[in-house]
Amino acid sequence: MSAPIVAPEPRRNADGTTTVTTSDAGDVRFLCPSWCTVQHGYRNPPAKAEITHNSEPVWALADTPEHGPTSMVEVGLIQWPYSDRPQVFLSIETDDGHIEVGPTGAYRIAKALQAQADHILVMVGRLEAIRAGEGQ
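A quick note: this is a predicted structure, and the numbers were derived from the prediction, not measured.

1. A word on the sheet that holds strand E3 (residues 26-30)
Here is step 1: Ordered by their spatial adjacency, three strands build an open sheet running E1-E2-E3, and the pairing between neighbours is antiparallel. The sheet is open, and its two edges are formed by strand E1 (11-12) and E3, each paired on a single side.
Here is step 2: Here five bridges tie strand E2 (residues 18-22) to E3, and the two strands are oriented antiparallel to one another. Paired with Thr 22 across the bridge in E3 is Gly 26.

2. Details of unusual backbone geometry
Here is step 1: Positioned with a positive phi, His 40 is a non-glycine residue whose angle comes to about 65°.
Here is step 2: You can see His 40 is positioned in the loop between E3 and strand E4 (53-54).

3. Looking at the confidence of the model for the chain
Here is step 1: Predicted confidence across the chain gives a mean pLDDT of 92, with 95% of residues reaching 70 or more.
Here is step 2: Per-residue pLDDT, averaged within each element of the chain, yields its smallest value for strand E5 (residues 58-64) (92) and its largest for E3 (97).

4. Some points on the packing of aromatic side chains
Here is step 1: Within this structure, the stated rule accounts for one aromatic pair.
Here is step 2: For the pair Phe 30 and Tyr 82, a centre-to-centre distance of 6.5 Å together with 65° between the ring planes defines the contact as edge-to-face. Residue Phe 30 is located in strand E3, and its partner Tyr 82 is located in the loop between strand E6 (68-79) and strand E7 (88-94); the two are separated by 52 residues in the primary sequence.
Here is step 3: Under the relative-accessibility criterion, Phe 30 is labelled buried at 4%.
Here is step 4: Its end group placed over the ring of Phe 89, Arg 85 keeps NZ or CZ at 4.5 Å from the ring centre.

5. Some details on the pattern of salt bridges
Here is step 1: Across all of its chains, the model carries two salt bridges by this definition.
Here is step 2: The partner of Asp 15 in a salt bridge is Arg 29, with the nearest N and O atoms 3.2 Å apart. In this pair, Asp 15 is assigned in the loop between E1 and E2 and Arg 29 in strand E3, connecting sequence segments 14 residues apart.

6. Re helix H1 (residues 103-131)
Here is step 1: In a regular helix each residue adds 1.5 Å, so 29 residues correspond to 42 Å; H1 covers 41 Å between its end C-alpha atoms and thus fits that length.
Here is step 2: Gly 133, located one to two residues past H1, shows a positive phi value of around 95°.

Conventions we followed
- Residues numbered from 1 in each chain as written.
- Predicted model: local features only at pLDDT ≥ 70, side-chain atom pairs only at ≥ 80, totals over all residues.
- Heavy atoms only, no water.
- Pairing = 2+ DSSP bridges.
- Helix = DSSP H or I, 4+ residues; strand = E, 2+ residues; numbered from the N terminus.
- pLDDT = per-residue confidence, 0-100.
- Phe/Tyr/Trp six-rings, centres within 6.5 Å; stacked < 30°, edge-to-face > 60°.
- Buried < 20%, exposed > 50% of the residue type's maximum accessible area, 1.4 Å probe, protein only.
- Lys NZ or Arg CZ within 6 Å of the ring centre and 35° of its normal.
- Salt bridge = Lys/Arg side-chain N within 4 Å of Asp/Glu carboxyl O.
- Expected span 1.5 Å × (residues − 1).

Dropping the structure here:
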């Protein structure tokens, strides 16, 4: 049985660039955008097109008395600069996993979340009325 392939650690260069050894293009040297917070370590040597820039994900968090802190939605920036889609996308966690969307998709998701928040507030009013003994 052979040992698993392990990618070499990325190298930080004196000029601020990073070098990643890829499976198809050898060493690839690049400068990360200011928002990129990943270390560019990969389990296996990535193909050049799989090199990914990611921002630190931000979760929508709520601290409830019943369950304590709970996370609901993760959002961050993502880019595959050497792929056939080199634009920056918004990465959003959904029930189907992570999806990547551009500005139009991001606005639509934000509007849907705003509508859901409005619905939750309406439901809170109903919950409070039910608990107060009204409308049972």
